[in-house]
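# Overview (structure and organization)
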Amino acid sequence: MRLNKFLSLIISVTLFSVLYVYQQSEIVRLAYAEQKQHTVFQDLLDKNSLLRYNIEKNSSLVNIGNTLSSRSDFQMPEKYQLVRLVPTKTGVTFAQGFGVRETLLSRIFGPNKQAEARTINP
């Protein structure tokens, strides 16, 4: 009877030890997996901040102004012009120099003077 108790005690201690070692190895494995996910997350955050910086830099007024000034086909208009888009079957065409209809309400409530933007020549 003593041998039976001794063997059951040895088997239960061995089983407990195996389960404890398995639990500790799972803890280490999950820690490595979490560390790997954390590094991937940090890389994605770095890429996100870099993309946000590039978007902000490319959409800044200074960059847009530099892009427009470096292009040779961009011209400032000499005088104020109204342009109207007229839809056609093949696309859209520009119509310039059309007359503005004045109504009684626009004469009463309309502005008497128009504001004009002028460029600053450095």
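Residues numbered from 1 in each chain as written. Predicted model: local features only at pLDDT ≥ 70, side-chain atom pairs only at ≥ 80, totals over all residues. Heavy atoms only, no water.

## Here's the deal with the overall build of the chain
Looking only at helices and strands, the chain has three helices and two strands in total. Traced from its N-terminal end to its C-terminal end, the chain shows the element sequence α-α-β-β-α. Out of the 122 residues belonging to the chain, those deemed buried represent 1%. Only carbon and sulfur atoms are counted for the fraction: they give 62% of the accessible area of the chain, which is about 12600 Å². (Helix = DSSP H or I, 4+ residues; strand = E, 2+ residues; numbered from the N terminus. Buried < 20%, exposed > 50% of the residue type's maximum accessible area, 1.4 Å probe, protein only. Areas by Shrake-Rupley, 256 points an atom, 1.4 Å probe, with all protein chains shown as cover.)

## Overview of the pattern of salt bridges
Within the structure shown, the criterion is met by one salt bridge. Between arginine 29 and glutamate 26 there is a salt bridge; the shortest N-O distance is 2.7 Å. One end of the pair, arginine 29, and the other, glutamate 26, are both in helix 1 (residues 2-58), three residues apart, so they sit about a helical turn from each other. Since its relative accessible area comes to 47%, arginine 29 is described here as partly exposed. (Salt bridge = Lys/Arg side-chain N within 4 Å of Asp/Glu carboxyl O.)

## Let's talk about a nonpolar patch on the surface
On the surface, Leu3, Phe6, Leu7, Ile10 and Ile11 cluster together into a nonpolar patch covering about 520 Å² of accessible area. Within the secondary structure, phenylalanine 6 sits in helix 1. Classification of phenylalanine 6 as partly exposed rests on a relative accessible area of 49%. (Patch = residues over 30% accessible without salt bridge, like charges linked within 9 Å, V, L, I, M, F, W, Y side chains within 5 Å.)

Functional significance is not addressed by these values, which are geometric in nature.
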